[in-house]
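# Residue-level structure breakdown
Listed below are the residues making up each chain.
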Amino acid sequence: MENVKNHIVPYRTFLYVLALLIVLTLTSVTLTQISLGTFTVTIALLIAAIKSSFVLRIFMHLKFESLMLKLMVLAVILIICLVIFITLLDYLYR
Amino acid sequence: MTTETHRDDLASKTGMWLFLFTEMLLFGGLFVVYSVYRYRNAEAFHLAAEELSVFVGTINTIILLISSATIAMSITAIQKHNKKLTLLLLGITVLLGLAFLVNKYFEWGEHIREHIYPGSPILASRGQGDVLFYGLYFFMTGLHALHIIIGLVFICVIGRLIIRDKIVHDNFVLLENSGLYWHLVDLIWIFLFPLFYLIT
């Protein structure tokens, strides 16, 4: 199988991503402290989504995995989003 | 040909991911519950969320992010035959995980001292919205903390295997799997943090 194919991610890649994640966290904290009304939720969740995409792609090595695994992860994320979306549709427009 | 036992790293990793999917769906379900209750009790959730310390939450977020980076780097270290650095990075990850739990302990302790905990009569007197918010807060952060404890045990077991040279530069899928678990714990916190601490 793919046992032989070893991909080594350099240390500095992780450090760059870590720095970016911390900056995004602080941005999210700062922006939500200013009252932006309904945008607060959108901004906080958007930043969380960006942060998780970096964790999934770099830290969890998905960027370098097979297409099958990428599609599987994507499918699960889509299912969760769909469930939340459909449930909220029900509550908002009942 | 040596009599090496059969090994399939791809299958091992895929299996770990399948398990992580069930974890994602578990927390996904809780996020649905949170969204609905928040929608129905917007005012109470708003006021209750303001009582949580954004500062402690931010510190804990950064602690988990750093620990995720150190365990990710440990995989690079083992691939580069650097056993000492691998163990050092895992050690830092475990210490950061413990620091997270200590912060959580003081945070929960503070709430419990103020008689805010599930089933508390004082919390019940504050109304349904507060009961739901703190119920979800204690359950979701508690379940997350339980995952941290499991992750720490997992990483310690992996550390032991590295010391005994059972996990080496060309056979480290177990280390990768423990890393995946730890990153998932981080991933869940990335969403828990804004939902409970930031969106007020």
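Residues numbered from 1 in each chain as written. Chains lettered and ligands numbered in written order. Predicted model: local features only at pLDDT ≥ 70, side-chain atom pairs only at ≥ 80, totals over all residues.

## Details of the overall build of chain A
Summing up its helical and strand segments, chain A has 3 helices and 0 strands in all. From first element to last, N terminus to C terminus, chain A shows the α and β order α-α-α. Relative to the compact-globule value of 12 Å for 94 residues, chain A shows a C-alpha radius of gyration of 17 Å, a clear excess of over 25%. The dimensions of chain A, computed from C-alpha atoms along their principal axes, are 55 × 35 × 10 Å. Each of the 94 residues in chain A was classed as buried or not, and the buried ones make up 17%. (Helix = DSSP H or I, 4+ residues; strand = E, 2+ residues; numbered from the N terminus. Rg over C-alpha atoms; globule rule 2.2 N^0.38 Å. Buried ≥ 20, exposed ≤ 12 C-beta atoms within 10 Å, placed from the backbone.)

## A word on the overall build of chain B
Within chain B, the secondary structure is distributed over 7 helices and 0 strands. Taken from the N to the C terminus, the helices and strands of chain B come in the order α-α-α-α-α-α-α. Taking the principal axes of the C-alpha coordinates as reference, chain B spans close to 70 × 30 × 25 Å. In chain B, once contacts between residues fewer than 6 apart in sequence are set aside, the share between residues at least 24 apart is 75%. (Contact = placed C-beta atoms within 7 Å.)

## Topic: the interface of chain A and chain B
Taken residue by residue, the interface counts 37 residues in chain A and 37 residues in chain B. For the side of chain A that touches chain B, the secondary structure elements donating two or more residues are α1 (11-33), α2 (39-59) and α3 (67-93) of chain A. For the side of chain A that touches chain B, the residue count by class is 27 nonpolar, 8 polar and 2 charged. (Nonpolar A, V, L, I, M, F, W, Y, C, P; charged D, E, K, R; others polar.)

## Points about the domain arrangement of chain A
Under the domain assignment, chain A is made up of domain 1 (1-60) and domain 2 (66-94). Placing a centre on the C-alpha atoms of domain 1 of chain A and another on those of domain 2 of chain A gives a separation of 20 Å. (Domains from an automatic or database assignment.)

## Considerations on unusual backbone geometry
Backbone geometry places His61(A), a non-glycine residue, at a positive phi of 70°. Within the secondary structure, His61(A) is located in the loop between α2 and α3. Even without being a glycine, His115(B) presents a positive backbone phi close to 60°. Mapped onto the elements, His115(B) comes out in the loop between α4 (83-113) and α5 (121-125).

## Observations regarding helix α1 (residues 9-40) of chain B
Here α1(B) contains 32 residues, and its C-alpha end-to-end distance of 47 Å stays within 8% of the 46 Å for a straight helix at 1.5 Å per residue. All of the buried residues along α1(B) are Asp9(B), Trp17(B), Phe27(B), Tyr34(B) and Arg38(B). Those residues of α1(B) hidden inside the fold are in contact with α3 of chain A together with α2 (42-49), α6 (128-163) and α7 (173-198) of chain B. (Expected span 1.5 Å × (residues − 1).)

## What about the nonpolar core?
Among the nonpolar cores identified, the biggest contains 61 residues, and Ile188(B) and Leu192(B) are the most heavily contacted of them. With 16 residues, the single largest contributor to this core is α7(B). (Core = buried A, V, L, I, M, F, W, Y, C linked by C-beta atoms within 7 Å.)

## Some words on the environment of Ile150(B)
Summarising the element assignment, Ile150(B) is placed in helix α6. Residues Ile150(B) and Tyr181(B), spaced 31 residues apart in sequence, show a C-alpha to C-alpha distance of 9.4 Å.

## As for α6(B)
For α6(B), built from 36 residues, the straight-helix expectation of 52 Å at 1.5 Å per residue is met to within 8% by its first-to-last C-alpha distance of 52 Å. Looking one or two residues beyond α6(B), the residue adopting positive phi is Asp165(B), at roughly 60°.

## Let's talk about the packing of α6(B) against α7(B)
Residue and element names in this part refer to chain B. α7 packs onto α6 with a crossing angle of 160° between their chain directions and a minimal axis gap of 10 Å. Relative to α7, α6 is oriented roughly antiparallel. Relative to α7, the crossing made by α6 is left-handed. Contacts between α6 and α7 involve Tyr137, Met140, Thr141, His144, His147, Ile148, Gly151, Phe154, Ile155, Ile158 and Leu161 from the first element and Leu174, Leu175, Ser178, Tyr181, Trp182, Val185, Ile188, Trp189, Leu192 and Phe196 from the second. Residue composition of the contact of α6 with α7, grouped by class: 16 nonpolar, 5 polar and no charged. (Axes fitted to C-alpha atoms, helices over the stretch in contact; angles between N-to-C directions. Parallel < 35°, antiparallel > 145°, perpendicular 65-115°, else oblique. Left-handed = near helix turned anticlockwise from the far one by under 90°.)

## Brief notes about the environment of Gly129(B)
All names here are of chain B. Among the secondary structure elements, Gly129 is positioned in helix α6. Separated by 76 residues in sequence, Gly129 and Ser53 have C-alpha atoms that sit 19 Å apart. Residues within four places of Gly129 in sequence aside, it is in contact with Asn41, Glu43, Ala44 and Phe45.

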